[in-house]
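Summary of structural features
The primary structure of each chain is shown beneath.
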Amino acid sequence: MSWMNAVETYGLWAVFVLVALEYACFPLPSEVILPFAGAFAARMDVPFGQVLPGCCAAGLLGCLLCYTVGRTAGGGLLARVEKRFPRAGKALCATRAWFEKYGSASVLFGRVLPLFRTYISLIAGMARQPVWKFALLSLIGLSVWNTALVGLGYLLAGQWETVAYGARGYMRVVLPIVAVGVFLVVLRIRKSAKRKET
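None of these values were measured; they are calculated from a predicted model.

Of regular secondary structure, the protein possesses 10 helices and 0 strands. The order of helices and strands in the protein, counted from the N terminus, is α-α-α-α-α-α-α-α-α-α. As presented, the protein carries roughly 10700 Å² of accessible surface, and 67% of it is formed by carbon and sulfur atoms.

Printed below as a string of structure tokens:
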């Protein structure tokens, strides 16, 4: 059963579970799930003021779950991921470098950037950022992201496929740019490490 079928079968409860899983680092496309959630809510005559807080609460729950994993596992998690999943390890290293450079702002703005938004919770947990600060910044950032995408789906319920197509277009444009940024950050980290060795 696809996630769309799950939403059609189980309703908004399925939406909240999917949103929580996406924010907990599961490979689910929030750029499609959130507009679909808004469109589904509109078709079911669920007020926007109910579906949006639910999606934000689910997102925060997923973020806190990921944060807890990072805080519990510590730096050893990064080494294990790098060893078993080199690609994800590079993204984690880039996210960690970004967090070290920008601190709390990286948690806030990372919620709207592909790749970074996937791993920033783990990195913040590993860095032992105070949980209240992490939760507050995450909630602000994901509220902006969710409002935009759920709102689009809600307003264009009759043509939500158009919204989904636009979201995929966003991914096609932004994701390569972010991927290049990740590559440059990883390259810089490696050069710095070599300089320290010499």
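Right, let's get into helix 9 (residues 131-155). In this model helix 9 runs 34 Å from its N-terminal to its C-terminal C-alpha over 25 residues, within 8% of the 36 Å that 1.5 Å per residue would give. Taken residue by residue, helix 9 has Phe 134, Ala 135, Leu 137, Ser 138, Gly 141, Leu 142, Trp 145, Asn 146, Leu 149, Val 150, Gly 151 and Gly 153 as its buried positions.

Of note in the backbone geometry, Asp 45 takes a positive phi value of approximately 60° without being a glycine. Topologically, Asp 45 is positioned in the loop between helix 3 (30-43) and helix 4 (48-73). Judged by its relative accessible area of 66%, Asp 45 is exposed. Phi angles above zero are rare outside glycine, and Arg 128 is one such case at about 55°. Inspection of the secondary structure assignment puts Arg 128 in the loop between helix 8 (116-126) and helix 9. For Arg 128, a relative accessible area of 51% translates into the label exposed.

A word on the packing of helix 3 against helix 9. Angle between the axes and distance between the axes are the two parameters that describe a pair of packed helices. Here helix 3 crosses helix 9 at 50°, and the two axes come no closer than 6 Å. Here helix 3 is positioned oblique relative to helix 9, judged by the angle of their axes. For the crossing formed where helix 3 meets helix 9, the hand is right-handed. Seen from helix 3, the contacting residues are Ser 30, Glu 31, Leu 34, Pro 35, Gly 38, Ala 39, Ala 41 and Ala 42; seen from helix 9, they are Trp 145, Asn 146, Leu 149, Val 150, Gly 153 and Tyr 154.

Scanning all chains against the criterion turns up 0 disulfides. Among the cysteines around Cys 55, which has no disulfide bond, Cys 56 carries the closest sulfur, lying 7.0 Å off. This cysteine, Cys 63, is not joined by any disulfide, and Cys 66 carries the nearest cysteine sulfur, 7.7 Å off. For Cys 63, a relative accessible area of 0% gives the class buried.

Within the element layout of this structure, Gly 59 appears in helix 4. Residue Gly 59 is classed as buried on the basis of its relative accessible area of 0%. Taking C-alpha positions, Gly 59 is 7.7 Å from Glu 22, a pair spaced 37 residues apart along the chain. Aside from chain neighbours lying at most four places away, what touches Gly 59 is Val 19, Tyr 23 and Leu 142.

So, how was this worked out
Residues numbered from 1 in each chain as written. Predicted model: local features only at pLDDT ≥ 70, side-chain atom pairs only at ≥ 80, totals over all residues. Heavy atoms only, no water. Helix = DSSP H or I, 4+ residues; strand = E, 2+ residues; numbered from the N terminus. Areas by Shrake-Rupley, 256 points an atom, 1.4 Å probe, with all protein chains shown as cover. Expected span 1.5 Å × (residues − 1). Buried < 20%, exposed > 50% of the residue type's maximum accessible area, 1.4 Å probe, protein only. Axes fitted to C-alpha atoms, helices over the stretch in contact; angles between N-to-C directions. Parallel < 35°, antiparallel > 145°, perpendicular 65-115°, else oblique. Left-handed = near helix turned anticlockwise from the far one by under 90°. Contact = heavy atoms within 4.5 Å. Disulfide = S-S within 2.5 Å.

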